[in-house]
Structures are given as C-alpha cells and as structure tokens.
Amino acid sequence: MSQILLDIAATNVAIWRYSLISEHYSMQQPTAPELEILKLLWQKQPLTARELHDELAPVLGWGYSSTRKTLERMGAKGFISCSSSGNKNTYTAMLDKMPTLAAYVQDFANRVFEIKEPLPVAMFANSKLVNASEMADLEKLLQQLAGTEQSAADKDR
C-alpha cells in the first residue's frame, strides 16, 4: 500500500513539474549553448565549471569566462543550481530532461515548420540523448504539448 501511495505521489509531482516547465517554456527556453550544457549535465552531474568547459570547449568554441557567465545566467533563469563545496562550485540541472527536450522540439517544429500536431516519436529512435525507456515519456509529452498549442490557437481565433 505504501508503495502505491509513493507511486501516486511521484506521478503527481511529475505532472506538477511538467505543468510548471511547460508554462515556463512558453516564456523562456534554453539557448543552443545552454542546451549543450544541460545535455552534458543530464549525462553526468554534478560537474564543476571547469569540467563543463573542458568537455564543451570543442563544441562551443569559447573561453572559460564565457562558460562561467553562461552558467551564471542559467542559474538566474532557474535552469541549473550551483552548490559550493570548499572552493569548488558544482552545477546540477534543475530542468528535467524529457519535458525540456519535448518542449524544445515541439516549439521548434511549430515555429520553423508550422507543425501543430504531435511529432512522431519514431524520428528520435536513433538519438544518442534519448534511450528506449524514455521514448514513451517523450511521446506523451509531445502529444500534450501539441494539444496545449492547439488549444491556445483555438482560443486566439
């Protein structure tokens, strides 16, 4: 019984966090460099600014001070959190991976290609970022986001 209650509570928290994130994304979305930082943090976290910079320098092509400034901005936006341990700051992603990716992809499809319907999840089958167990979550989130966008479009008419 207690496991069932824990599962229900976890589901409610996930739904609540998703609704907060989807509302947040209608206002603000990670930039391309911020998304690269988030992708690295989702793979392994926490990481220091130096660790993030060393791994992303070939991708982003910028200096360490730019990495630190971007981390500061991401913290101010609530995308990441910073914890101090001794003289090191470590960073952790505050945005959940699947809702963030779903919102980013659906927004891109809507703005660039004017696709309002849910995207087919099969297009992500060979993704290095999304594993097989996350595909069902991604599909559900894309359907919800497309439904939300369609509802908003209907209200605007």
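Let us look at the structure shown here. (Residues numbered from 1 in each chain as written. Predicted model: local features only at pLDDT ≥ 70, side-chain atom pairs only at ≥ 80, totals over all residues. Heavy atoms only, no water.)

### Structural notes on the side chain of Thr-48
Phase 1 of the analysis: Turning to its location among the elements, Thr-48 is positioned in strand β1 (residues 47-48).
Phase 2 of the analysis: Once you skip the residues sitting within four places of it in the chain, Thr-48 turns out to touch Lys-88, Asn-89, Thr-90 and Tyr-91. (Helix = DSSP H or I, 4+ residues; strand = E, 2+ residues; numbered from the N terminus. Contact = heavy atoms within 4.5 Å.)

### What to know about the pattern of salt bridges
Side-chain pairs of opposite charge can arise whenever the charged atoms involved come near each other.
Phase 1 of the analysis: Taken as a whole, this structure holds 7 salt bridges when the rule is applied.
Phase 2 of the analysis: Two residues, Lys-44 and Glu-55, come together in a salt bridge whose shortest N-O distance is 2.6 Å. Linking Lys-44 in the loop between α2 (32-43) and β1 with Glu-55 in helix α3 (residues 49-60), this pair joins segments that are 11 residues apart in sequence.
Phase 3 of the analysis: Taking relative accessible area as the criterion, Glu-55 reaches 37% and is therefore assigned partly exposed. (Salt bridge = Lys/Arg side-chain N within 4 Å of Asp/Glu carboxyl O. Buried < 20%, exposed > 50% of the residue type's maximum accessible area, 1.4 Å probe, protein only.)

### Some points on the packing of α3 against helix α4 (residues 64-77)
Phase 1 of the analysis: Viewed as axis vectors pointing N to C, α3 and α4 meet at an angle of 120°, and their least axial separation amounts to 10 Å. In terms of orientation, α3 and α4 fall into the oblique class. The crossing of α3 and α4 is right-handed. Contacts from Ala-49, Arg-50, Leu-52 and His-53 of α3 reach α4 at Tyr-64, Thr-67, Arg-68 and Leu-71.
Phase 2 of the analysis: Of the residues contributing to the contact of α3 with α4, the split by class is 4 nonpolar, 2 polar and 2 charged. (Axes fitted to C-alpha atoms, helices over the stretch in contact; angles between N-to-C directions. Parallel < 35°, antiparallel > 145°, perpendicular 65-115°, else oblique. Left-handed = near helix turned anticlockwise from the far one by under 90°. Nonpolar A, V, L, I, M, F, W, Y, C, P; charged D, E, K, R; others polar.)

### Focus on the packing of aromatic side chains
Phase 1 of the analysis: Using the criterion set out here, one finds 1 aromatic pair in the structure.
Phase 2 of the analysis: For the pair Phe-108 and Phe-113, a centre-to-centre distance of 5.7 Å together with 75° between the ring planes defines the contact as edge-to-face.
Phase 3 of the analysis: Judged by relative accessible area, Phe-113 falls into the exposed class, the value being 55%.
Phase 4 of the analysis: Taking NZ or CZ as reference, Arg-50 lies 3.9 Å from the ring centre of Tyr-64, over its face. (Phe/Tyr/Trp six-rings, centres within 6.5 Å; stacked < 30°, edge-to-face > 60°. Lys NZ or Arg CZ within 6 Å of the ring centre and 35° of its normal.)

### Remarks on the sheet that holds strand β2 (residues 80-85)
Phase 1 of the analysis: The strand order across the open sheet built from 3 strands is β1-β3-β2, with neighbouring strands paired in antiparallel fashion. Edge strands, defined here as strands with exactly one partner in the open sheet, are β1 and β2. (Pairing = 2+ DSSP bridges.)

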